[in-house]
Amino acid sequence: MNETDSDATEPGDGTLCTGVVTIASDRSLAADDAGEAIGEALEDDGNEVVVREHVGSDYDRVQSIVSRLIDRDDVEIIITAGATGVEPADITIEAVDPLLEKKLATFSELFTVLAYEQIGTKAVAARTLAGIAEGTPVFCLPGNPDAARLALAEIILPEATGIVELAREPEPESEGEADTEEDPDTENEAGTGEESETADETVDTGVPNEATDGGS
């Protein structure tokens, strides 16, 4: 397994902080065309690849790596590429699926339509998966660089920021945002005070004042 990390960007500034995992037993990180294609597409769109990893086609290792990326605070979206076909070693879909709490079924439907327009009925063997795991969107793409670029350009990049915002847990209110409505008791006290001042004012009864009129 190979891993590279970047510490250039913080989540929440409008840039997608992405974890990229490519799965293949017949090539290394240095010869990872799909990973390169994903990284270039993300960076050309102004996003950041926070971590990039490459592993062999092993169910437990793929599931472990994706699970670990889900737990990272600096990863807002995860993209995997490879091992999504129908060969016996294609286990990415099966490994990632149990981690997802919500499925984005339309992603696979849209990708199939786009792939059919480009490669015809061969698209039937191109499996994909997308969903949300602990507030983090996860997309599993084929290992073909052209297929990865297609999914990113036509679906993921236009929609990912909105999906990240929708899937994120709302931040708790700070103590300074407490209820500022006036206490009814306070209002009553204020009203009582005004009434008291009025009651204390001298009332003209119309009776002559002996101190001023006496003797006249």
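Note that the structure is predicted; figures quoted are calculated from it, not measured.

A. Expanded view of the overall build of the protein chain. The secondary structure content of the protein chain amounts to 7 helices and 7 strands. Listed N to C, the secondary structure of the protein chain is β-β-α-β-α-β-α-β-α-β-β-α-α-α in terms of helices and strands. Looking at the protein chain residue by residue over its 216 residues, the buried ones come to 38%. Within the protein chain, contacts between residues separated by at least 24 positions form 77% of all contacts whose residues are at least 6 apart in sequence. Here the protein chain has roughly 13,000 Å² of accessible surface; of this, 47% comes from carbon and sulfur atoms.

B. Looking closely at the nonpolar core. Counting 28 residues, the largest nonpolar core has Ile38, Leu42, Phe107, Leu141, Leu152 and Ile156 as its most contacted members. Secondary-structure elements contributing two or more residues to this core are α1 (33-44), β4 (77-81), α4 (105-119), β7 (136-141) and α5 (145-167). At 10 residues, α5 tops the list of elements feeding residues into this core. In this structure, Leu69, Ile70, Ala95 and Val138 belong to the second largest nonpolar core, which totals 21 residues.

C. Molecular detail of the environment of Pro145. Here Pro145 shows up in helix α5. Looking at Pro145, the relative accessible area reads 21%, which means it is partly exposed. Along the primary structure Pro145 and Ala37 are separated by 108 residues, whereas in three dimensions their C-alpha atoms are 5.8 Å apart. Sequence-distant contacts of Pro145, that is, excluding residues within four places in its chain, are made with Asp33, Ala34 and Ala37.

D. A look at the layout of surface pockets. By volume, the largest pocket is sized at about 520 Å³. Looking at the largest pocket, it is lined by 28 residues, and the ones nearest its centre are Thr84, Gly85, Pro142, Gly143 and Asn144. Broken down by secondary-structure element, the contributors of at least two residues to the lining of the largest pocket are α4 and α5. The dominant element in the lining of the largest pocket, judged by the number of residues it contributes, is α4, at 4 residues. Here the residues of the lining of the largest pocket sort into 13 nonpolar, 8 polar and 7 charged.

E. Representation of the packing of aromatic side chains. Overall, the coordinates contain 1 aromatic pair when judged by the stated rule. Ring centres of Phe107 and Phe139 lie 5.1 Å apart, and the angle between their planes is 65°; this geometry places the pair in the edge-to-face category. Of this pair, Phe107 sits in helix α4 while Phe139 sits in strand β7, and the two are 32 residues apart along the sequence. The pair Phe107 / Phe139 is uniform in exposure class, with both members buried.

Parameters and conventions
- Residues numbered from 1 in each chain as written.
- Predicted model: local features only at pLDDT ≥ 70, side-chain atom pairs only at ≥ 80, totals over all residues.
- Heavy atoms only, no water.
- Helix = DSSP H or I, 4+ residues; strand = E, 2+ residues; numbered from the N terminus.
- Buried < 20%, exposed > 50% of the residue type's maximum accessible area, 1.4 Å probe, protein only.
- Contact = heavy atoms within 4.5 Å.
- Areas by Shrake-Rupley, 256 points an atom, 1.4 Å probe, with all protein chains shown as cover.
- Core = buried A, V, L, I, M, F, W, Y, C linked by side-chain atoms within 4.5 Å.
- 1 Å grid on protein atoms, 1.4 Å probe; cavity = no way out; pocket = protein on both sides within 12 Å on 5 of 7 lines; lining within 4 Å.
- Points joined across faces, edges and corners; volume = space filled by probe spheres on them.
- Nonpolar A, V, L, I, M, F, W, Y, C, P; charged D, E, K, R; others polar.
- Phe/Tyr/Trp six-rings, centres within 6.5 Å; stacked < 30°, edge-to-face > 60°.

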